[in-house]
Amino acid sequence: MATCMRHLLLTAAILGIAGAVPGRCDGSLYEQLGGSAGIHRIVDATLRRYFTDPRLHDDFDNVNQAWLQPRFETFICHVTDGPCRYRGRSMAASHRGLHIDQARFNAVVEDLQDGMDEAGLPFRLQNRLLARLAPMERDIVTR
Ligand code: HEM
């Protein structure tokens, strides 16, 4: 985002129109989510819900949030074109043994939506993140 802003300001300076800068600093989805701090806020608010959601007790009872959180953050950073490389197990491998059905998958998506709301993410960006994750459903829902 900083590089993008610099570019816009430079363009404005060359054109002599500082203060009336056209164009947008969209950048990657990672940048629009607020970079690593923004993703941390989203994942923290979301995982707090996973770990207290009665619909997901059987799944997360034996998992530690401190273990899952950095993995989840790196994963989100990776799939939103951020600077991280997720080197963990594939979605199929890490969820295979959980025998996840559609209802629990939907519960996870709802908790993510509530987490994104809590983090103050605009609806348009929520949908862009969900669109990146949606195709993974076929690897995660196995029942
Ligand atoms: C698009 C949806 C989902 C994404 C992006 C996602 C992402 C992840 C990631 C990145 C990990 C860490 C894997 C590793 O590093 O080995 C993980 C683990 C885990 N996920 Fe998901 N997940 C999703 C859906 C779900 C659902 C629907 C459930 C349960 C209802 C679930 C339960 C778990 C559990 C229990 C673990 C820990 C597995 C272990 O202890 O090895 N996830 N998930």
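Taking an unreviewed UniProt entry as the reference, the protein is identified by name as Group 1 truncated hemoglobin belonging to Lichenicoccus roseus.

Draft legend 1. Highlighting the packing of helix H7 (residues 102-118) against helix H8 (residues 123-133). Following both chains from N to C, one finds H7 and H8 inclined at 150°, their axes separated by 11 Å at the closest point. Overall, the two elements H7 and H8 adopt an arrangement that is roughly antiparallel. Pair H7 / H8 crosses with right-handed handedness. Along the contact surface, H7 presents Val109, Leu112, Gln113, Met116 and Asp117, while H8 presents Gln126, Leu129, Leu130 and Leu133. For the contact of H7 with H8, the residue count by class is 6 nonpolar, 2 polar and 1 charged.

Draft legend 2. Region of interest: the layout of surface pockets. Reported here for the largest pocket is a volume of approximately 860 Å³. The dominant element in the lining of the largest pocket, judged by the number of residues it contributes, is helix H5 (residues 65-79), at 6 residues. Of the residues in the lining of the largest pocket, the class split is 23 nonpolar, 4 polar and 6 charged.

Draft legend 3. Seen up close, the environment of Thr74. Note that Thr74 resides in helix H5. The spacing of Thr74 and Arg87 is 13 residues in sequence and 8.8 Å in space, taken between C-alpha atoms. Not counting residues within four places of it along the chain, the set of residues in contact with Thr74 comprises Cys84, Arg85 and Tyr86.

Draft legend 4. Highlighting the nonpolar core. Ranked by internal contacts, the top residues of the largest apolar core, which has 29 residues, are Leu33, Ile76 and Leu133. Within the residue set of this core, elements represented by two or more residues are helix H2 (29-32), helix H3 (35-50), H5, H7 and H8. The residues contacting Leu133, other than those within four sequence positions of it, are Phe75, Ile76, Val79 and Leu112.

Draft legend 5. Layout of the state of the cysteines. In the structure shown here, the tally under the stated rule is 1 disulfide. Between Cys77 and Cys84 runs a disulfide, and the two sulfur atoms are separated by 2.0 Å. Across the S-S bond linking Cys77 and Cys84, the dihedral sits near 90°, which makes this disulfide right-handed.

Draft legend 6. View of the site of the ligand. As a structural note, the neighbourhood of the ligand is formed by 21 residues, with Phe60, Arg71, Tyr86, Arg89 and His95 the closest of them. Side-chain polar atom of His95 to a nitrogen atom of the ligand: 2.8 Å apart, as the coordinates give it. Mapping the ligand onto the cavity grids shows that it belongs to the largest pocket. Those elements that place two or more of their residues in the shell around the ligand are helix H4 (57-60), H5, helix H6 (91-95) and H7. Taken together, the residues of the shell around the ligand break down into 15 nonpolar, 2 polar and 4 charged.

Quick notes on the rules
- Residues numbered from 1 in each chain as written.
- Predicted model: local features only at pLDDT ≥ 70, side-chain atom pairs only at ≥ 80, totals over all residues.
- Heavy atoms only, no water.
- Axes fitted to C-alpha atoms, helices over the stretch in contact; angles between N-to-C directions.
- Helix = DSSP H or I, 4+ residues; strand = E, 2+ residues; numbered from the N terminus.
- Parallel < 35°, antiparallel > 145°, perpendicular 65-115°, else oblique.
- Left-handed = near helix turned anticlockwise from the far one by under 90°.
- Contact = heavy atoms within 4.5 Å.
- Nonpolar A, V, L, I, M, F, W, Y, C, P; charged D, E, K, R; others polar.
- 1 Å grid on protein atoms, 1.4 Å probe; cavity = no way out; pocket = protein on both sides within 12 Å on 5 of 7 lines; lining within 4 Å.
- Points joined across faces, edges and corners; volume = space filled by probe spheres on them.
- Core = buried A, V, L, I, M, F, W, Y, C linked by side-chain atoms within 4.5 Å.
- Buried < 20%, exposed > 50% of the residue type's maximum accessible area, 1.4 Å probe, protein only.
- Disulfide = S-S within 2.5 Å.
- Near = heavy atom within 4 Å.
- Polar contact = N/O pair within 3.5 Å; in protein donor to acceptor, adjacent residues only side chain to side chain.
- Sits in = over half its atoms within 2 Å of the grid points.

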